[in-house]
Number of protein chains: 2
Amino acid sequence: MRARDLVEELPTVTMDDGADHVARLIAEQRLPGVAVLDKGKPVAVLTASQVVRFVVPEYVQEDPSLARVLDERTADSCADELAKHTVRDLLPSHGSRVPLAMVAGDATVVECAAVMARMRSPLLVVADGKGRDGVVVHGLLTASHLLEVLLAKRIVKN
Amino acid sequence: MRARDLVEELPTVTMDDGADHVARLIAEQRLPGVAVLDKGKPVAVLTASQVVRFVVPEYVQEDPSLARVLDERTADSCADELAKHTVRDLLPSHGSRVPLAMVAGDATVVECAAVMARMRSPLLVVADGKGRDGVVVHGLLTASHLLEVLLAKRIVKN
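Residues numbered from 1 in each chain as written. Chains lettered and ligands numbered in written order. Predicted model: local features only at pLDDT ≥ 70, side-chain atom pairs only at ≥ 80, totals over all residues. Heavy atoms only, no water.

Draft legend 1. Region of the structure containing the overall build of chain A. For chain A, the count of helices and strands is 9 helices and 6 strands. Across the 158 residues that make up chain A, the buried fraction comes to 54%. When the accessible surface of chain A is summed, it comes to about 6,900 Å², and 46% of that surface belongs to carbon and sulfur atoms. (Helix = DSSP H or I, 4+ residues; strand = E, 2+ residues; numbered from the N terminus. Buried < 20%, exposed > 50% of the residue type's maximum accessible area, 1.4 Å probe, protein only. Areas by Shrake-Rupley, 256 points an atom, 1.4 Å probe, with all protein chains shown as cover.)

Right, dumping it as structure tokens:
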């Protein structure tokens with residue numbers, strides 16, 4: 001069984017998609033995050049907690065006791081606020097991004113696990129090819145689905 | 001609406017539960033992770049990718065190309081291997097743990113988001129009280145569920 005046979009039907013988004021669209025995808029499908037494509041090429045994983053992070057003003061993140069004041073004020077809805085931005089705006093700067101964990105379509109289950117473990121990523125992108133036009137994204141693999149596959153598998157530990 | 005009204009029916013585990021039990025919980029319920037209790041007190045969040053990490057030998061994490069060799073060998077099943085260990089064994093050392101994001105039962109939605117954002121955690125523990133016997137865990141909140149609540153909510157950004 002290879003990575004391309006294991007992938008789940010999970011959505012990807014582009015850098016120019018609305019931030020509200022990706023937030024809804026994650027919320028409705030209870031995803032740990034989504035893969036972000038730029039010109040067809042996977043460039044990042046955007047996690048659910050990164051979207052939450054974008055919604056909360058920085059001064060409130062630093063002092064959550066201020067959150068109670070916010071709750072009492074009237075303002076744009078969170079969805080309206082997100083609708084003003086794109087996925088590009090949501091992504092943290094390069095240094096703080098969740099590293100893009102990616103394997104080729106013919107990677108084995110243990111290779112998938114090794115890459116996910118090393119990158120500490122909740123999502124793995126399974127894709128072949130390189131360059132602007134040549135990338136074929138087979139799909140995504142979540143850590144929980146990979147665990148399900150691993151539990152049924154014989155591998156060596158040590 | 002307060003944190004205790006938002007919590008999801010998600011499982012918790014104890015330090016002495018079997019590692020295979022927690023792996024199955026995460027796999028079957030497609031969880032981003034579980035909260036770990038020690039003597040009734042929440043002490044850590046164990047993420048799906050941390051369990052995957054435990055399953056993969058360190059030398060394979062460092063060089064995933066070695067994974068193909070592993071796949072060809074016969075050995076204990078991954079589940080058998082996990083069954084030899086407890087949650088305590090799975091948890092990374094204190095320095096590498098996902099910090100425990102926790103709020104009180106009466107925390108507001110924005111407070112929940114602020115704490116989750118600051119701790120960059122995929123899971124939030126909602127609990128009241130302190131000390132060995134005094135902690136009441138109301139439940140857990142995933143980032144994706146919190147996003148769903150936020151999308152319906154009016155808050156101030158800026």
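After presenting the structure, the write-up continues.
Draft legend 2. Examining helix H9 (residues 143-151) of chain A more closely. Burial of H9 of chain A is extensive: 8 of the 9 residues sit out of reach of the surface. Where H9 of chain A is concerned, the buried positions are Ala-143, Ser-144, His-145, Leu-146, Leu-147, Val-149, Leu-150 and Leu-151 of chain A. For H9 of chain A, the elements touching its buried residues are helix H1 (3-6), helix H8 (109-119) and strand S6 (136-142) of chain A together with helix H2 (19-28), helix H3 (48-55) and helix H6 (78-83) of chain B. (Contact = heavy atoms within 4.5 Å.)

Draft legend 3. Seen up close, the pattern of salt bridges. Enumeration over the complete set of coordinates arrives at 6 salt bridges over all chains. Glu-8 of chain A serves as the salt-bridge partner of Arg-30 of chain B, at 3.7 Å between the closest nitrogen and oxygen. Of this pair, Arg-30 of chain B sits in the loop between H2 and strand S2 (33-38) while Glu-8 of chain A sits in the loop between H1 and strand S1 (12-14), on two different chains. We classify Arg-30 of chain B as partly exposed; its relative accessible area is 37%. Of the charged contacts, one joins Glu-148 of chain A and Arg-30 of chain B as a salt bridge, the two residues approaching to 3.0 Å between their closest N and O atoms. Note that Glu-148 of chain A is positioned in helix H9 and Arg-30 of chain B in the loop between H2 and S2, a pairing that runs across two chains. The class for Glu-148 of chain A is partly exposed, based on a relative accessible area of 34%. Each of the salt bridges in this network shares a partner with another, and the network as a whole consists of Glu-8 and Glu-148 of chain A together with Arg-30 of chain B. (Salt bridge = Lys/Arg side-chain N within 4 Å of Asp/Glu carboxyl O.)

Draft legend 4. Representation of the sheet that holds strand S5 (residues 123-128) of chain B. Residue and element names in this part refer to chain B. Strand order in the open sheet made by the 3 strands is S4-S5-S6, with mixed pairing throughout. Each edge of the sheet is formed by a strand with only one pairing partner; in this case those strands are strand S4 (102-103) and strand S6 (136-142). Taken together, the 2 bridges between S4 and S5 define a ladder with parallel strand orientation. Bridged to Val-103 within S5 is Val-126. (Pairing = 2+ DSSP bridges.)

Draft legend 5. The sheet that holds strand S1 (residues 12-14) of chain B, seen in detail. Residue and element names in this part refer to chain B. One open sheet accounts for 3 strands, arranged S1-S2-S3; its pairing is mixed. Each edge of the open sheet is held by one strand with a lone partner, namely S1 and strand S3 (41-47). Between one strand axis and the next, the sheet turns by 35° as a mean value, whatever way the strands run. Sheet topology places S1 next to S2; 3 bridges connect them, and they run parallel. Residue Thr-12 lies in a different strand from S2, and its bridge partner there is Ala-35. (Axes fitted to C-alpha atoms, helices over the stretch in contact; angles between N-to-C directions.)

Draft legend 6. Inspection of the side chain of His-145 of chain A at higher detail. Inspection of the secondary structure puts His-145 of chain A in helix H9. Given the relative accessible area of 14%, His-145 of chain A is considered buried. Once you skip the residues sitting within four places of it in the chain, His-145 of chain A turns out to touch Leu-6 and Glu-8 of chain A together with Arg-30 of chain B.

Draft legend 7. Here's a closer look at the nonpolar core. Core analysis: the biggest nonpolar cluster contains 57 residues, and Leu-46 and Leu-82 of chain A together with Leu-146 of chain B have the highest contact counts within it. Top element by residues in this core is helix H8 (residues 109-119) of chain B. It accounts for 7 residues. (Core = buried A, V, L, I, M, F, W, Y, C linked by side-chain atoms within 4.5 Å.)

Draft legend 8. Structural context of the pairing of strand S5 (residues 123-128) of chain A. Residue and element names in this part refer to chain A. Burial runs high along S5: 5 of the 6 residues are buried. Viewed along the sheet, the connection from strand S4 (residues 102-103) through H8 into S5 turns out right-handed. Across 6 bridges, S5 lies against S6 in antiparallel orientation. Looking across to S6, one finds that Leu-123 is bridged to Thr-142. (Right-handed = clockwise from strand over helix to strand, strands pointing away.)

Draft legend 9. View of a nonpolar patch on the surface. All names here are of chain B. A cluster of nonpolar residues, Tyr-59, Leu-66 and Val-69, forms a patch on the protein surface that exposes about 240 Å² of accessible area. With respect to the element layout, Tyr-59 can be found in helix H4 (residues 58-62). Look at Tyr-59 and you get partly exposed, because its relative accessible area is 35%. (Patch = residues over 30% accessible without salt bridge, like charges linked within 9 Å, V, L, I, M, F, W, Y side chains within 5 Å.)

Draft legend 10. How the structure looks around the environment of Thr-47 of chain A. All names here are of chain A. Considering the arrangement of structural elements, one finds Thr-47 in strand S3 (residues 41-47). For Thr-47, a relative accessible area of 10% puts it in the buried group. Separated by 44 residues in sequence, Thr-47 and Leu-91 have C-alpha atoms that sit 9.3 Å apart.

Draft legend 11. Region of interest: the environment of Ala-143 of chain A. Structurally, the position occupied by Ala-143 of chain A is in helix H9. Each C-alpha atom, one on Ala-143 of chain A and one on Arg-120 of chain A, is 9.6 Å from the other, the two residues being 23 residues apart in sequence.

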